[in-house]
Amino acid sequence: MPDTASLRNSWAPVLTLTVAAFIFNTSEFVPIGLLSDLASSFAVSEATAGLIITAYAWVVLFASLPLILLFSRMDFKYLLALILACMTLSQAATALSQSFGFLLGSRLAVALCHALFWSIACPLAVKIAPEGQASKAVGLVAAGTAVAMVGGMPLGRVIGLYVGWRVTFALLGLISLALLIAVLTVLPRVPGVRSPVLTVLPRIVKNGPLMGLYVVTALIFTANYTPYSYIEPYLALVGSIAPAYITLALILFGVAAIVSSILFSRGYDGHEKLFIYFAFGGLTVFLALLHVLTFNLTLTLADCFLWGLAFSVFSLSFQALVIRLESEYSAIATSIYSSICNLGIGAGAFVGSHILDYADVRAIGYVGAALALTALIILRLKLMRRWFGSR
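Here's a quick rundown of the structure. (Residues numbered from 1 in each chain as written. Predicted model: local features only at pLDDT ≥ 70, side-chain atom pairs only at ≥ 80, totals over all residues. Heavy atoms only, no water.)

Observations regarding the overall build of the protein chain
Formally: For helices the rule is a DSSP run of H or I covering at least 4 residues; for strands it is a run of E covering at least 2, with both sets numbered from the N terminus onward. Note on method: radius of gyration uses C-alpha positions; expected globular size equals 2.2 Å times residues raised to 0.38. Relative accessibility thresholds used throughout: buried, under 20% of the residue-type maximum; exposed, over 50%; partly exposed, between the two (1.4 Å probe, protein chains only). Contacts between residues were defined by any pair of non-hydrogen atoms, one from each residue, lying within 4.5 Å. Note on areas: these come from Shrake-Rupley sampling with a 1.4 Å probe, and a residue is covered only by the protein chains present in the view. In this charge count, Lys and Arg are treated as positive and Asp and Glu as negative; neither His nor the chain ends contribute. Taken as the charge centre is NZ of Lys, CZ of Arg, CG of Asp or CD of Glu, depending on the residue.
When you go through the protein chain residue by residue, the secondary structure sums to 17 helices and 0 strands. Relative to the 2.2 N^0.38 estimate, which gives 21 Å for 391 residues, the radius of gyration of the protein chain is 20 Å and therefore close to what a compact globule would have. In terms of overall dimensions, the protein chain has C-alpha extents of about 60 × 60 × 35 Å along its principal axes. The burial tally for the protein chain puts 52% of its 391 residues in the buried class. Put simply, of all contacts in the protein chain between residues at least 6 apart along the chain, 85% involve residues at least 24 apart. As displayed, the protein chain offers around 16200 Å² of accessible surface, 69% of which is attributable to carbon and sulfur atoms. With 21 positive and 14 negative side-chain charges, the protein chain shows a separation of 9 Å between the mean positions of the two kinds.

Quick look at the structure:
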């Protein structure tokens, strides 16, 4: 086995962490692409099946802080190995589920693994990066998330459509097992640390501009995931779109994430307000057009791409803004931001399920647009001046 010094000077540990990020984010979102099949397998409605998305996100929201407080002193190498061992067993349980209740329970177990993984992923990337390469290491871990959207979720959907959704989750479990072996082989030991979260929380709460950011983040994520959580049955029912083109629509969301990353890296500095207004305004417009454009496949796919572009620009812009508003304890502020995002994901899936059950499914985009417009009004009236002053 390589010694600790050589491991710290190689990229193998960081790449292992990157693949783990890919697997965790693929696992979180792959049910969106398989929602109709999951509902059919357990004889429940798509709205009921969507509970696995809501419950997953809310477990991540509420479990992240307690779990990191509980495990933060554990050596991060062995903590990550423990997370992946639990992930492997949980994915196997999902693949073998014989009832919807068992499926939901297994997904909640995966969510607990997810919550703890993302609490340590970025700090661990910094610690295991080759000397002077911490930023690049964090960027690679973030890239694992983007690749999950571009390839992971659509590939999981394709596998599920052609050989069954159980195979998709079984493969995620096998990859988690391979990652467990890789972690034990290539990761150096990284001593745990005492978490300063509880001492920093009062400072975060008193940061008015940051708290405002958290509020509009919750609104925007709810706006986005109200329709996105049910995009697969929506496109099939309302747009009468064939499964292959639904897969293409999901891929376009991922392509939009890559395009937005390029635009962000080249143009965000000096044009922050333009990016933020595009994100909020774009989501309002493109979600409102979701139903209007379903008469034409090309226009629907274009709208999905632009919708994905606006949301990705929002995510990148606000991650940068969190760090600017709380630079000293940016890791904690970002961790709370991540929890707020999961609050919005769960809320969006919850709202969407109620629209499917009790209202007209065609309204799902309009509800998302109304929430995005509300966030845009708050942004314009209350927040932009507090974030950027008169510039």
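Picking up where we left off.
Comments concerning the nonpolar core
Here is the rule we go by: Residue types Ala, Val, Leu, Ile, Met, Phe, Trp, Tyr and Cys, when buried and joined through side-chain atoms within 4.5 Å, form a set referred to as a nonpolar core.
Of all hydrophobic cores here, the largest spans 120 residues; its most connected members are Phe 280 and Trp 387. Ranked by residues supplied to this core, first place goes to helix H7 (residues 100-128) with 13 residues. Ignoring anything within four residues of it in the chain, the contact list for Trp 387 reads Pro 209, Gly 212, Leu 213, Val 216, Phe 318, Leu 321, Arg 324, Leu 325 and Leu 379.

Thoughts on the side chain of Asn 224
With respect to the secondary-structure elements, Asn 224 resides in helix H11 (residues 208-228). Excluding residues within four positions of it along the chain, Asn 224 makes contact with Leu 283, Trp 307 and Phe 311.

Some remarks on the pattern of salt bridges
What counts is decided by this rule: Basic side-chain nitrogens of Lys or Arg form a salt bridge, by our definition, when they fall within 4 Å of a carboxyl oxygen of Asp or Glu.
All told, the structure shown has 4 salt bridges when counted by the stated rule. Between Arg 157 and Glu 232 there is a salt bridge whose closest N-O contact spans 3.4 Å. On the criterion of sequence distance, the pair formed by Arg 157 in helix H8 (residues 134-163) and Glu 232 in helix H12 (residues 231-237) is long-range, its members being 75 residues apart. A residue is classified by how much of its surface remains accessible, and Arg 157, at 1% relative accessible area, is buried.

Quick word on the packing of helix H2 (residues 12-33) against helix H9 (residues 165-186)
Definition in use: In this analysis, axes come from line fits to C-alpha atoms, helices being fitted only over the stretch in contact, and the angle between any two N-to-C directions falls in the range 0 to 180 degrees. For this classification, under 35 degrees means roughly parallel, over 145 means roughly antiparallel, 65 to 115 means roughly perpendicular, and everything else is oblique. Handedness of a crossing is defined here by the sense of rotation of the near helix relative to the far one, left-handed for an anticlockwise turn of less than a right angle and right-handed for a clockwise turn. Each residue receives one of three labels: charged for Asp, Glu, Lys and Arg, nonpolar for Ala, Val, Leu, Ile, Met, Phe, Trp, Tyr, Cys and Pro, and polar for the others, Gly being one of them.
Viewed as axis vectors pointing N to C, H2 and H9 meet at an angle of 160°, and their least axial separation amounts to 10 Å. When the axis of H2 is compared with that of H9, the two are roughly antiparallel. Once H2 is placed against H9, the crossing between them reads as left-handed. Facing H2, whose interface residues are Ala 12, Pro 13, Thr 16, Val 19, Ala 20, Ile 23, Thr 26, Ser 27, Val 30 and Pro 31, H9 presents Thr 168, Phe 169, Leu 172, Ile 175, Ser 176, Leu 179, Ala 182, Val 183 and Val 186. A per-class count over the contact of H2 with H9 returns 14 nonpolar, 5 polar and no charged.

Details of unusual backbone geometry
One non-glycine residue, Ala 43, adopts positive backbone phi at about 55°. Among the structural elements, Ala 43 can be located in the loop between helix H3 (35-41) and helix H4 (46-49). With relative accessibility at 72%, the residue Ala 43 sits in the exposed group. Residues other than glycine seldom take positive phi values, yet Ser 240 does so here, at roughly 50°. Taking the relative accessible area as the measure of exposure, Ser 240 reaches 61% and is therefore exposed.

Re the packing of aromatic side chains
Two descriptors summarise a pair of aromatic rings, namely the distance from one centre to the other and the angle between the planes of the rings. Short version of the rule: Pairing of aromatic side chains here covers Phe, Tyr and the six-membered ring of Trp, requires ring centres within 6.5 Å, and sorts the geometry by plane angle: under 30 degrees stacked, over 60 edge-to-face, intermediate tilted.
Summed over all chains, the structure comprises 23 aromatic pairs. Geometrically, the ring pair formed by Phe 24 and Phe 117 is stacked, given 4.4 Å between the ring centres and 10° between the ring planes. Taken together, the positions of Phe 24 in helix H2 and Phe 117 in helix H7 put the pair 93 residues apart, joining distant regions of the chain. Phe 117 matches Phe 24 in its accessibility class, with the two residues each being buried.

Some words on the layout of surface pockets
Applicable threshold: Think of a 1 Å grid over just the protein atoms. A cavity is a set of points where a 1.4 Å probe fits yet cannot get out, a pocket is an open set with protein on both sides within 12 Å along at least five of seven lines, and lining residues have an atom within 4 Å of a point. Grid points are joined across faces, edges and corners, and a volume is the space filled by probe spheres set on the points.
Considering only enclosed or pocket space, the second largest pocket measures out at about 170 Å³ in volume. Taken together, Leu 67, Phe 71, Leu 82, Ile 83, Cys 86, Ser 90, Ala 109, Leu 112, Cys 113 and Leu 116 form the lining of the second largest pocket. Of all elements in the fold, only helix H5 (51-71), helix H6 (76-95) and H7 reach the threshold of two or more residues within the lining of the second largest pocket. In terms of residue class, the lining of the second largest pocket is built from 9 nonpolar, 1 polar and no charged.

Digging into a nonpolar patch on the surface
The cut-off we apply is this: Note that patches include only residues with greater than 30% relative accessible area and no salt bridge, and the join distances are 9 Å for like charges and 5 Å for nonpolar side chains (Val, Leu, Ile, Met, Phe, Trp, Tyr).
On the surface, Leu 155, Val 158, Leu 161, Tyr 162, Val 163, Val 167, Leu 171, Leu 174, Leu 177 and Ile 181 cluster together to form a nonpolar patch covering roughly 910 Å² of accessible area. Secondary-structure elements contributing two or more residues to the nonpolar patch are H8 and H9. When you line up the elements, Val 163 lands in helix H8.

Here we look at the packing of H5 against H7
At a closest axis distance of 7 Å, the pairing of H5 and H7 adopts a crossing angle of 40°. Taken as axis vectors, H5 and H7 run oblique relative to one another. Remark: the crossing between H5 and H7 carries right-handed chirality. Across the contact of H5 with H7, the residue classes tally to 20 nonpolar, 3 polar and 1 charged.

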